[in-house]
Amino acid sequence: APPKSTTMTAVIGSKSFATLDEAIKAARSGDTVKISGEFSSPVSVPESASGVSIVGDNATISTSGKPAIMCAGRDVKVSNVTLRSKDATCVEVPVGGSLSIVDCKITATGASGIVASGGLVRAENSQVEGCGLYGVLASDAGRVECVGLTATGNAKAGLLARGAGSIIVAKGRTESRKNQHGAGCDEGGKLEISDSSLSENQFSGCNVGPNGAKGCKLERVDMVKNAFGCSINSSELFVTGCAIRDSSKVGVLTKNTGAPYSVTLQTCQIVESKINGITAEGQGVLRGKQLLVTDSQTSGVLVDGSVVQLYLSTISKNEVDAVAVRTSASGVPGRAILQQCTLQANRRFGASVLGVKAQLSMQGGVCSGNGGGKLGSNGITVANGGFAEVVGGAKVINNKGNGIFVAKGSVANVRGSTVEGNEEFGAKVE
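## Some remarks on the overall build of the chain
- Across its full length, the chain holds 1 helix and 48 strands.
- Principal axes of the C-alpha set define a box for the chain whose edges measure 90 × 45 × 30 Å.
- Looking at the 430 residues of the chain, the share that counts as buried comes to 54%.
- Sequence separation of 24 or more characterises 47% of the internal contacts of the chain that already satisfy a separation of 6 or more.

## Comments concerning the side chain of S204
- Within the secondary structure, S204 is located in strand 22 (residues 204–208).
- Not counting the four nearest positions on each side in its chain, S204 is found in contact with Q180, H181, G182, N226, F228, G229 and S231.

## Re the pairing of strand 20 (residues 183–186)
- Both faces of strand 20 are covered, namely the face carrying A183 and C185 and the face carrying G184 and D186.
- The pairing of strand 17 (residues 159–162) with strand 20 spans 4 bridges and is classified as parallel. Directly across from L159, in strand 20, lies its bridge partner A183.
- Pairing geometry for strand 20 and strand 22, over 3 bridges, is parallel. Bridge pairing links C185 to V208 in strand 22.

## With respect to the confidence of the model for the chain
- When the pLDDT values of the chain are averaged, the result is 95; 98% of them are 70 or greater.
- For residues 1–5, every residue scores under 50 in pLDDT, and the model assigns this stretch 0 contacts once sequence neighbours within four places are set aside.

## Some points on unusual backbone geometry
- Across the junction of G209 and P210, the peptide omega takes the value 10°, indicating a cis bond.
- Position of P210 relative to the elements: it lies in the loop between strand 22 and strand 23 (216–224).
- At K178, a residue that is not glycine, the phi angle is positive and equals roughly 60°.
- Here K178 is to be found in the loop between strand 19 (175–177) and strand 20.

## A short note on the environment of T19
- Residue placement: T19 occurs in the loop between strand 2 (15–17) and helix 1 (20–26).
- We classify T19 as partly exposed; its relative accessible area is 35%.
- For the pair formed by T19 and L137, sequence separation is 118 residues and the distance between their alpha carbons is 29 Å.

## Structural notes on the nonpolar core
- Counting 102 residues, the largest nonpolar core has V33, I35, I61, L218 and I380 as its most contacted members.
- Listed in part, the 5 residues of the second largest apolar core include V115, Y134, L137 and L160.

Calculation criteria
- Residues numbered from 1 in each chain as written.
- Predicted model: local features only at pLDDT ≥ 70, side-chain atom pairs only at ≥ 80, totals over all residues.
- Heavy atoms only, no water.
- Helix = DSSP H or I, 4+ residues; strand = E, 2+ residues; numbered from the N terminus.
- Buried < 20%, exposed > 50% of the residue type's maximum accessible area, 1.4 Å probe, protein only.
- Contact = heavy atoms within 4.5 Å.
- Pairing = 2+ DSSP bridges.
- pLDDT = per-residue confidence, 0-100.
- Core = buried A, V, L, I, M, F, W, Y, C linked by side-chain atoms within 4.5 Å.

Put into structure tokens, the structure is as follows:
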């Protein structure tokens, strides 16, 4: 076979240039630089080249020790180019620069693929894969907007917003998979992700915190086959219309190593978690509306020293309890408030309140068909100094074992509710 051609061309209109750098320096706003072949020198796009487009035709820019592209210009566009770097960020956009990347393949051995270090990057229908650090990083108040981006096989997060004012906005079929984390933000960084997938990552599909910015959002995002579907630490997150499935550990995990967390889940499905569907631990509040939490191999919702408020939610077919409320190891009692929720067909208890001053308030809703597993059977169990109230027309019915079991030293207050049809006692008090 003949040797592979290494001919490089860089053309503006009908004029050819000896190097791509020469073409960039000669370009003016509105010019298109057409390139082909493999370039081994780093490309620096100065502010004077604002408004320039670089269009590849079987073109590669491959560098070592320096970025393949450093863009200080504004409104610059690179399309249909393979970009590779070794031991340096592949594409970097500092303060004042803005770059659109379309239909490109990006790899950075030993470093990050795309870094908006104060600048703006728009990445569309491109691939960032096999990077030694992050696939895409927004830092120093940088902004990255992704549409149809794929971030795969990166050593750390596929997408990360780090630092105050930094933000990643991803939508339109963006996928981040087989990374350490699918997406994340910390130190004041912010995420807004919609209509996308964060799946098959080593740790979290989405990892928010510690100390992410207020107002992080996930809307209609699939988080499938991660260790943790979504983890939140001392941050605020709104999750709407998401599917969190087949997590090898926990579907949603909260904790706080700094400020209290705040999590709002609405119209989400959390299915087939290998431990708990939701583990709410640490100081903070988790609010859920119209959730389905089912088929977890331990409990649907574990409340460990946190506050959980659920409304119109169904927690069913979990291997242990629908809702388990505990006092944390540091002595902070958990509290669960269930409004018009359904706790059904869980293998041990519909709800358990185990711990000094741990609290459950069941306000309306149904607790039925729970029990039958090897670990015991009751609708609601209160022990170890816990407290439960069942009010507002709640129904504790047709459970295997007792409807409500109250151990010595614990308290249950039942009023305006129905407790009937349970296999043993309606209410048993030690």
